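These are the residues of each chain, in order.
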Amino acid sequence: MSAAEKIIAPAPSKKAATLSVDGKTVSFPIYDAVEGQSVMDISKLYAETGMFTYDPGFVSTASCESKITFIDGDKGILRYRGYDIDQLAEKCDFLEVAHLLLNGELPNKKQKAEFDRAITLHTMVHEQAHFLFRGFPRASHPMAIMVGATASLSAFYHDSLDINVADQRELAAYRLIAKMPTLAAMAYKYSIGQPFIYPQNDLGFTENFLNMMFSTPCEKYKVNPTLARAMDKILILHADHEQNASTSTVRLAGSSGANPFACLGAGIASLWGPAHGGANEAVIDMLQEIGDVKNIPDFIKKVKDKQSGVKLMGFGHRVYKNYDPRAKVLHSTCSEVLKELGKIDEPLLKIAVELERIALSDEYFVERKLYPNVDFYSGIIYRAMGIPSKMFTVLFAVARTVGWVAQWKEMMEDPKTKIGRPRQLFTGASPRGFVPMEKR
Ligand code: SDX
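Quick caveat: nothing in here was measured; it's all calculated off a predicted structure. (Residues numbered from 1 in each chain as written. Predicted model: local features only at pLDDT ≥ 70, side-chain atom pairs only at ≥ 80, totals over all residues. Heavy atoms only, no water.)

**Let's talk about the overall build of the protein**
In terms of regular secondary structure, the protein is built from 18 helices and six strands. Whereas a compact globule of 440 residues would reach a radius of gyration of roughly 22 Å, the protein reaches 23 Å, a difference of no more than 12%. Projected onto the principal axes, the alpha-carbon positions of the protein cover approximately 75 × 65 × 55 Å. When each of the 440 residues of the protein is scored for burial, the buried share is 48%. Partitioning the intrachain contacts of the protein with sequence separation of at least 6 by distance along the chain shows that 71% fall at a separation of at least 24. If you sum the accessible surface of the protein, you get close to 21,800 Å²; carbon and sulfur atoms cover 55% of it. Side-chain charges of the protein comprise 52 positive and 50 negative groups, with the mean position of each set lying 3 Å from the other. (Helix = DSSP H or I, 4+ residues; strand = E, 2+ residues; numbered from the N terminus. Rg over C-alpha atoms; globule rule 2.2 N^0.38 Å. Buried < 20%, exposed > 50% of the residue type's maximum accessible area, 1.4 Å probe, protein only. Contact = heavy atoms within 4.5 Å. Areas by Shrake-Rupley, 256 points an atom, 1.4 Å probe, with all protein chains shown as cover. Lys, Arg positive; Asp, Glu negative; His and termini not counted. Charge placed at Lys NZ, Arg CZ, Asp CG, Glu CD.)

See below:
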């Protein structure tokens, strides 16, 4: 049976949790995970006790059941559908992993060829979508364009908006995976005043993306296979990550029945934040601000001074309290790319490696279990490839589109899905009489 078999209902364990409140004892079923933390089902808490749970930032809250990605933050483990991330990054290409995330299994040769072809045939965007870009100033942040352009795809593809029809959901998923690199490259070309480059169907997914980013109509452009392979690895590492902020945004938007293009527009908006996907751009800004290895001790002092509000960007994680396994692969990929480009002496890498060495031996970071995360090295690789820092989070969105659509599809197929509608702890004004304008 495929690992992606439909989510029916979690298997209740023999254990139950009991809660006593106001002299009443309520018990809640516990569901055991295949791996990782069990959960207690508190869905009847309000009905039984008249109280809500309170968990700002959802530190202790599981929002759903999922079979897609597993993270063990203490051990630094990340698996897509049961496969370790470093195995997938080393042995697969991005669309192979996309098939795995979407369908639950690695494709065989025939399935891979069919899936690659299906995605390839959707890489072009509607010709009228080109005019969307004209409305943006050339200096717009490309993420502003991506939020708008992605959601606007729902204006063009009416035959993949009915979320209740499985074929239309699959068509929308394929279109989003295929068109995100095209929109990303268009946003880059628009920002530098160069013409859009059309997708080439004889190129692989990542080669095609790099060709749309860097070729021009004026001369032949040959994609560097080492860089294409490195980019493919980076896309795999960023493809999915359980219920992170942007994926949770996509799920919440999708729970209202919104179309997948609009949901991914919301996901891109959430990813843009510097605490989330925007961190890769912030890491480069931080390394450039440090400027030299000798300035690291002063910078570390600033980070430790809470008043400064300065964070060590690319460090720390809500789930990983160990080295982010993606950062390990990215660190070695970074050295490969810099060597290929003859930039092994890149000063920013030297600062990053020294910053990591100091931070990992400093009590402040050790006691808070702050390790490099996925964003710490990715920006150095992109920069070496000639990609401007404003495009870094756009590349994150290109990769995470696969995770977003896989999680959205799983949610849409889960019979337990209902509109997400959290409650609150109200601490505002008590009831009071209206005060007319003349008396205020
Ligand atoms: C991504 O969720 C995902 O899976 C995200 C992601 C994905 O693939 O989708 O992995 C991608 O978003 C990676 C994270 C990228 N963000 C950054 O690199 C920005 C810098 N990191 C921090 O903003 C922070 O670490 C978070 C937001 C990532 C996590 O914050 P938490 O879990 O809310 O942790 P916290 O703020 O409660 O931190 C605990 C302590 C605090 O100090 P104390 O109050 O205990 O004294 O650690 C400190 C924090 O001040 N701390 C940091 C820090 N991160 C946490 N101090 C300095 N520098 C940091 N980076």
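**Things to note about the pattern of salt bridges**
A side chain with one charge can pair with a side chain of the opposite charge if their charged atoms come near. Using the criterion set out here, one finds 25 salt bridges in the structure. A salt bridge links R79 to E35; the shortest N-O distance between them is 2.4 Å. Taken together, the residues R79 in strand β5 (residues 77–80) and E35 in the loop between β2 (24–31) and β3 (39–40) connect sequence positions 44 residues apart. Look at R79 and you get buried, because its relative accessible area is 16%. In this structure, the salt-bridge partner of D298 is K301, at a minimum N-O distance of 3.5 Å. In this pair, D298 and K301 both sit in helix α13 (residues 296–304), three residues apart, roughly one turn of the helix. (Salt bridge = Lys/Arg side-chain N within 4 Å of Asp/Glu carboxyl O.)

**Topic: the sheet that holds strand β4 (residues 69–72)**
One open sheet accounts for three strands, arranged β4-β5-β6; its pairing is antiparallel. Taken across any chain shown, the strands that pair with only one partner, and hence form the sheet edges, are β4 and β6 (83–84). Both β4 and β5 contribute to a ladder of four bridges, which runs antiparallel. Looking at β5, one finds that T69 is bridged to Y80. (Pairing = 2+ DSSP bridges.)

**Some details on helix α3 (residues 94–103)**
Counting buried positions along α3 yields nine of 10 residues, so the element is predominantly enclosed. By the burial criterion, the buried members of α3 are F94, L95, E96, V97, A98, H99, L100, L101 and L102. Where α3 begins, the side chain of D93 points an oxygen toward the backbone nitrogen of L95, at a separation of 3.2 Å. A positive phi of about 95° marks G104, the residue just after α3. (Polar contact = N/O pair within 3.5 Å; in protein donor to acceptor, adjacent residues only side chain to side chain.)

**As for the nonpolar core**
In summary, soluble globular proteins display a tendency toward joint burial of nonpolar side chains. Counting residues in hydrophobic clusters, the biggest one holds 119 residues, and the most contacted among them are Y80 and M286. In this structure, Y80 is in contact with I68, T69, I85, L88, V97, L100, L101, I236, L237, H238, A239 and D240, ignoring residues within four places of it in sequence. (Core = buried A, V, L, I, M, F, W, Y, C linked by side-chain atoms within 4.5 Å.)

**Concerning the packing of aromatic side chains**
Using the criterion set out here, one finds 13 aromatic pairs in the structure. Measuring from ring centre to ring centre gives 5.0 Å for F315 and F376, while their planes differ by 85°; the resulting arrangement is edge-to-face. Here F315 is found in the loop between α13 and α14 (325–340), whereas its partner F376 is found in helix α17 (residues 375–384), with 61 residues between them in sequence. Residue classification places F315 among the buried positions, given a relative accessible area of 10%. On the basis of relative accessibility, which here comes to 0%, the residue F376 falls in the buried class. Measuring from ring centre to ring centre gives 5.3 Å for Y382 and F392, while their planes differ by 50°; the resulting arrangement is tilted. (Phe/Tyr/Trp six-rings, centres within 6.5 Å; stacked < 30°, edge-to-face > 60°.)

**So, helix α12 (residues 279–290)**
Between its first and last C-alpha atoms α12 spans 16 Å; for 12 residues at 1.5 Å apiece the expected length is 16 Å, and the two agree. Taking burial as the measure, the 12 residues of α12 include nine buried ones, the bulk of the element. Buried residues of α12: A279, N280, E281, A282, V283, I284, M286, L287 and I290, and no others. Where α12 is buried, its residues meet α13, α15 (347–361), α17 and α18 (392–412). Looking one or two residues beyond α12, the residue adopting positive phi is G291, at roughly 75°. (Expected span 1.5 Å × (residues − 1).)

**Topic: the site of the ligand**
In the vicinity of the ligand lie 23 residues, with H241, K306, H317, R326 and R400 positioned nearest. In this structure, N373 approaches the ligand through a side-chain N or O atom, which is 3.0 Å from an oxygen atom. Contacts to the ligand include R400, whose side-chain N or O atom sits 2.7 Å from an oxygen atom. Relative to its unbound accessible area of 1,000 Å², the ligand is 75% covered by the protein chains. Of the residues assigned to the shell around the ligand, the class counts are nine nonpolar, seven polar and seven charged. (Near = heavy atom within 4 Å. Nonpolar A, V, L, I, M, F, W, Y, C, P; charged D, E, K, R; others polar.)

**With respect to the packing of helix α11 (residues 260–271) against α18**
Relative to each other, α11 and α18 sit at 135°, their axes nearing to 10 Å. Judged by the inter-axis angle, α11 sits oblique to α18. The chirality of how α11 crosses α18 is right-handed. Where α11 approaches α18, its residues P260, C263, L264, G267, I268 and L271 are matched on the opposing element by T393, F396, A397, T401, W404, V405 and W408. Of the residues belonging to the contact of α11 with α18, the class tally is 10 nonpolar, three polar and no charged. (Axes fitted to C-alpha atoms, helices over the stretch in contact; angles between N-to-C directions. Parallel < 35°, antiparallel > 145°, perpendicular 65-115°, else oblique. Left-handed = near helix turned anticlockwise from the far one by under 90°.)

**Some details on the pairing of β5**
Burial of β5 is two-sided: the residues I77 and R79 facing one way and the residues L78 and Y80 facing the other way are all buried. Where β4 hands over to β5, the hairpin turn is made up of four residues, of which G76 adopts a positive phi near 65°. Direction of pairing for β5 relative to β6: antiparallel, over a ladder of two bridges. Along β6, the bridge assignment pairs Y80 with Y83.

Nothing here speaks to function; it is all geometry.
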